Amino acid sequence: MHIFAIANQKGGVGKTTTTVNLAAALAAQGQRTLLIDLDPQGNATMGCGIDKRSLTLSVYQLLLESATLAQARVTSPSGKFDVLPANRDLAGAEVDLVALEHRELRLKNALALHKDDYDFVLIDCPPSLSMLTLNGLCSAHGVIIPMQCEYYALEGLSDLVNTIKKVHANLNRELKIIGLLRVMFDTRSTLSNQVSAQLEQHFGDKVFKTIVPRNVRLAEAPSYGVPGVLFDKGAKGAQAYLAFAAEMVERVKNWKE
Ligand code: ATP
Ligand code: MG
């Protein structure tokens, strides 16, 4: 079981779109996949076609140890993968967890009980470096960082890289950056191409080969509760996420469990 956190503390950079589409694309390739929504916004939950307002159990109860993964997970109606959903309840988790021991390890411990259930676990982190994101980073073997190729993207990246280094040093020796995924890419923009080249220079093979273009079909899909890769499989954005899933499968092939 390979566990990946999809993280970037910057808002609106494509974390949720990446998590949902990668999960659906992996499932389409026969990988047993679990998506974990760690964001109180519940966007990944909704994007998978699950109504966040009608949940009886969610990742919130799991973090507080009042529900197990087996109880709280649901199957995505369209995508053939499992979802541990989230809703507004999760906004209170930060405070509820404050007094508890090993609060950053709640998710990791819950997943440890299910390590034979899945090939891939993808964790959609909220746009912050909060206790929720920390639970994601402590659970994961690696981080996938979606980013837009614009000037300020590089600035924000160093905060995230430093946080990942600290978590690696103090809390999770397994954690590493798997890669930077260029998303919402505009090939015609000179700046995008410059930033993209800079990324390759600085991060080398930590930059994924796949580039996800800006594509309106990916943005439309969530309102139908269907992952973009299933909503319009032929669209450029969907094709990119299918290629990204293949790239991920290839990357983990040579890893030890
Ligand atoms: P937040 O930080 O709020 O959780 P996020 O990082 O999860 O945001 P998304 O919700 O995935 O970002 O994307 C932000 C917006 O950009 C959404 O409206 C989404 O539909 C759109 N979007 C994401 N990727 C693409 C793309 N490749 N092409 C066009 N639109 C996209
Ligand atoms: Mg999101």
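A brief structural summary. Keep in mind that this is a model prediction, so the values were computed, not measured.

## Section: helix 1 (residues 15–28)
At 3.6 residues per turn, the α-helix brings residues three or four places apart onto the same side. End to end, helix 1 covers 20 Å across 14 residues, agreeing with the expected 20 Å (1.5 Å per residue, within 8%). Counting buried positions over the 14 residues of helix 1 gives 11, a clear majority of the element. For helix 1, the complete set of buried residues consists of Lys15, Thr18, Thr19, Val20, Asn21, Leu22, Ala23, Ala24, Ala25, Leu26 and Ala27. A positive phi of about 85° marks Gly30, the residue just after helix 1.

## Looking at the packing of aromatic side chains
Applying the stated criterion across every chain, the model contains four aromatic pairs. Consider the rings of Phe208 and Phe244, whose centres lie 4.8 Å apart with planes at 75°: the pair is edge-to-face. One end of the pair, Phe208, is in strand 8 (residues 207–213); the other, Phe244, is in helix 12 (residues 236–253), with 36 residues separating them in the sequence. Judged by its relative accessible area of 0%, Phe208 falls in the buried class. Accessibility expressed as a relative area gives 0% for Phe244, which makes it buried.

## A look at the site of ligand 1
Surrounding ligand 1, one finds 18 residues, the nearest of these being Gly12, Lys15, Thr16, Thr17 and Asn215. Take Gly12: an N or O atom from its main chain is 2.9 Å from an oxygen atom of ligand 1. One of the backbone nitrogen or oxygen atoms of Pro213 is found 2.9 Å away from a nitrogen atom of ligand 1. Listing elements by their share of the shell around ligand 1, those giving two or more residues are helix 1, strand 8 and helix 10 (216–220). Broken down by element, the residue count for the shell around ligand 1 peaks at three residues, all from helix 1. Residues belonging to the shell around ligand 1 are distributed by class as follows: seven nonpolar, seven polar and four charged.

## Focus on the pairing of strand 2 (residues 33–37)
For strand 2, a buried count of five out of five residues is recorded, marking the element as mostly surrounded by other parts of the structure. What you see with strand 2 is no split at all: Thr33, Leu35 and Asp37 on one side and Leu34 and Ile36 on the other are buried throughout. Of the pairings in the sheet, the one linking strand 2 to strand 5 (residues 120–124) comprises five bridges and is parallel in character. By the bridge assignment for strand 5, Thr33 is matched with Phe120.

## A short note on the side chain of Asn87
One can find Asn87 in the loop between strand 4 (82–84) and helix 5 (93–97). For Asn87, a relative accessible area of 10% puts it in the buried group. A distance of 3.2 Å separates a polar atom in the side chain of Asn87 from the backbone oxygen of Lys52.

## Concerning the nonpolar core
With 48 residues, the main nonpolar core has Ile36, Val59, Leu84, Leu107, Leu111 and Val121 as its most contacted residues. In terms of residues, this core owes the most to one element, helix 8 (residues 151–170), which gives six residues. Residues in contact with Val59, not counting those within four places in the same chain, are Ile36, Asp37, Leu38, Leu84, Pro85, Ala86 and Leu90. Ala25, Val229, Ala238 and Tyr241 belong to the second-largest nonpolar core, a separate cluster that totals 35 residues.

## Examining unusual backbone geometry
A positive phi is found at His102, a non-glycine position, where the angle reads about 45°. Positionally, His102 belongs in the loop between helix 5 and helix 6 (106–112). If you check the backbone angles, Met184 has positive phi at about 50° while not being a glycine. Here Met184 lies in strand 7 (residues 176–185).

## Side note on the packing of helix 8 against helix 9 (residues 190–203)
Their axes nearest at 9 Å, the elements helix 8 and helix 9 cross at an angle of 30°. Classed by the angle they form, the pair helix 8 and helix 9 counts as roughly parallel. Of the residues in helix 9, those touching helix 8 at Tyr151, Leu154 and Leu157 are Leu191, Val195, Gln198, Leu199 and Phe203.

The rules behind these values
Residues numbered from 1 in each chain as written. Chains lettered and ligands numbered in written order. Predicted model: local features only at pLDDT ≥ 70, side-chain atom pairs only at ≥ 80, totals over all residues. Heavy atoms only, no water. Helix = DSSP H or I, 4+ residues; strand = E, 2+ residues; numbered from the N terminus. Expected span 1.5 Å × (residues − 1). Buried < 20%, exposed > 50% of the residue type's maximum accessible area, 1.4 Å probe, protein only. Phe/Tyr/Trp six-rings, centres within 6.5 Å; stacked < 30°, edge-to-face > 60°. Near = heavy atom within 4 Å. Polar contact = N/O pair within 3.5 Å; in protein donor to acceptor, adjacent residues only side chain to side chain. Nonpolar A, V, L, I, M, F, W, Y, C, P; charged D, E, K, R; others polar. Pairing = 2+ DSSP bridges. Core = buried A, V, L, I, M, F, W, Y, C linked by side-chain atoms within 4.5 Å. Contact = heavy atoms within 4.5 Å. Axes fitted to C-alpha atoms, helices over the stretch in contact; angles between N-to-C directions. Parallel < 35°, antiparallel > 145°, perpendicular 65-115°, else oblique.

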